[in-house]
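# Architecture at a glance
Listed below, chain by chain, are the residues.
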Amino acid sequence: MAVSGLIMVGYLVLHMYGNLKAFAGPDSFNEYAHHLRTIGEPILPHEGLLWIVRVVLLVAVLLHAYAAITLWRRNKKSAGYVGGKRYQTKQNRTGIQRSYASFTMRWGGVTIALFIVFHILNLTTNDIHPGGAAETPYGKLHNSFEHFWVLLAYVVAMLAVGFHLWHGFWSAFTTLGQNHSSTRRASVWNSAAVGIAALITIGFLAPPIGIYFFGLGG
Ligand code: HEM
């Protein structure tokens, strides 16, 4: 769960950072998208690294879902199918550390999976092109985010990503032995998880909001 999650977090941080190129203007963004396809040439073929990343991500997503189902089953079994106290540790005997984020992991995960399918059809293949098909990567962004429903769909999806990351980071910190408080709220590691998740969410939402509300890129 953790290793596949970390691989995807690494991708998300780089992807979010790359998307911020939108603020440097359409030419910079297009050049960056082009560069993603030529990195590693001539040792790798055209789009070689991109395909390696695609395969690694696909394997990570499948492993993550498999681990989630396996862990959920194991948890049910060990608790005698009546529901156990989660995150119980020596310091935290009650184990009551659930949050809105932890409640929404399953459906949040499904929402994110559906979003990825929509997202690839929208911005990679451009089969879904609300404002008309576009030639350039920036054109695809611009034509999409000029529409309020597209913006709304991305906001909902990014909130799901944010909540998923909040619980994911907190859970990872717990695995690393940092679960010392009896309530989640009192834990400084919870604040750290919220902070990192919020940063990634805001970073992702900045370009679509810039395009819709402030006419970013003309
Ligand atoms: C507002 C947020 C986002 C924006 C503006 C955005 C933008 C883009 C763009 C422009 C592309 C096409 C890149 C290209 O073909 O050159 C892309 C591809 C992709 N994005 Fe995002 N993205 C966002 C959020 C996310 C999130 C949260 C995820 C994962 C949960 C994600 C996963 C992907 C994947 C898997 C691809 C396909 C890469 C490929 O196979 O070519 N994106 N995104």
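Everything numeric here is computed off the predicted structure, so don't read it as measured data.

The rules behind the values
- Residues numbered from 1 in each chain as written.
- Predicted model: local features only at pLDDT ≥ 70, side-chain atom pairs only at ≥ 80, totals over all residues.
- Helix = DSSP H or I, 4+ residues; strand = E, 2+ residues; numbered from the N terminus.
- Buried ≥ 20, exposed ≤ 12 C-beta atoms within 10 Å, placed from the backbone.
- Contact = placed C-beta atoms within 7 Å.
- Axes fitted to C-alpha atoms, helices over the stretch in contact; angles between N-to-C directions.
- Parallel < 35°, antiparallel > 145°, perpendicular 65-115°, else oblique.
- Left-handed = near helix turned anticlockwise from the far one by under 90°.
- Nonpolar A, V, L, I, M, F, W, Y, C, P; charged D, E, K, R; others polar.
- Core = buried A, V, L, I, M, F, W, Y, C linked by C-beta atoms within 7 Å.
- Near = placed C-beta within 6 Å.
- Expected span 1.5 Å × (residues − 1).
- Bend = angle between axes of the 7 residues up to and from the residue.

### Considering the overall build of the protein chain
Looking only at helices and strands, the protein chain features eight helices and zero strands. Secondary structure of the protein chain in N-to-C order comes out as α-α-α-α-α-α-α-α. When the 218 residues of the protein chain are sorted by exposure, 22% land in the buried category. Counting only contacts in the protein chain whose residues sit at least 6 apart along the sequence, the fraction spanning at least 24 positions is 64%.

### Concerning the packing of helix H1 (residues 2–19) against helix H3 (residues 48–78)
Running from N to C, H1 and H3 cross one another at 140°; their axes reach a closest spacing of 8 Å. The orientation of H1 with respect to H3, classified from their angle, is oblique. Like other packed secondary-structure pairs, H1 and H3 cross with a definite hand, here left-handed. Contacts from Ser 4, Gly 5, Ile 7, Met 8 and Tyr 11 in H1 reach Val 56, Leu 57, Ala 60, Leu 63, His 64 and Ala 67 in H3. Residues that form the contact of H1 with H3 fall into these classes: eight nonpolar, three polar and no charged.

### Points about the nonpolar core
By size, the foremost hydrophobic cluster in this structure holds 25 residues, and its most contacted members are Met 158, Leu 165, Trp 166, Phe 169 and Ala 197. When residues in this core are grouped by element, the largest group, 11 residues, is from helix H7 (residues 148–175). Once residues lying within four places of it in the same chain are set aside, the contact partners of Phe 169 are Ala 193, Ile 196 and Ala 197.

### Looking at the site of the ligand
Neighbouring the ligand are 21 residues; Ala 33, Leu 123, Thr 124, Pro 137 and Phe 204 lie closest to it. For the shell around the ligand, the elements supplying multiple residues, two or more each, are H1, helix H2 (26–38), H3, helix H5 (105–124), helix H6 (137–145), H7 and helix H8 (188–214). Top element by residues in the shell around the ligand is H5. It accounts for six residues.

### Details of the environment of Thr 111
Here Thr 111 shows up in helix H5. Measuring from C-alpha to C-alpha, the distance between Thr 111 and Val 161 comes to 8.8 Å, with 50 residues separating the pair along the chain.

### What to know about H2
For H2, built from 13 residues, the straight-helix expectation of 18 Å at 1.5 Å per residue is met to within 8% by its first-to-last C-alpha distance of 19 Å. Directly beyond the C-terminal end of H2, a positive phi value near 90° is found at Gly 40.

### So, the packing of H7 against H8
Contact geometry for H7 and H8: axes closest at 8 Å, N-to-C directions at 160°. Regarding the angle of H7 to H8, the classification is roughly antiparallel. Viewed along their axes, H7 and H8 form a crossing whose handedness is right-handed. Broken down by class, the residue content of the contact of H7 with H8 amounts to 22 nonpolar, three polar and no charged.

### Re unusual backbone geometry
Going from Glu 41 to Pro 42, the amide bond is cis rather than trans, its omega being 5°. As for its placement among the helices and strands, Pro 42 is situated in the loop between H2 and H3. Here the phi dihedral of Glu 47 falls at roughly 65°; this positive angle occurs in a residue that is not glycine. Along the chain, Glu 47 falls in the loop between H2 and H3.

### With respect to H8
For H8, with 27 residues, the first-to-last C-alpha span of 36 Å sits near the 39 Å given by 1.5 Å per residue. For H8, the principal kink sits at Ala 206 and spans about 35°; a proline, Pro 207, occurs within the next four residues. Buried within H8 we find Asn 190, Ala 193, Ala 197, Ile 200, Thr 201, Phe 204, Leu 205, Pro 207, Pro 208 and Ile 211. Each element contacted by the buried residues of H8 is listed here: H1, H6 and H7. Downstream of H8 by a residue or two, Gly 215 has a phi angle that is positive, lying close to 60°.

### Details of the environment of Thr 38
Summarising the element assignment, Thr 38 is placed in helix H2. Under the C-beta neighbour-count criterion, Thr 38 is labelled partly exposed, with 14 such atoms within 10 Å. Residues Thr 38 and Gly 48, spaced 10 residues apart in sequence, show a C-alpha to C-alpha distance of 7.9 Å.

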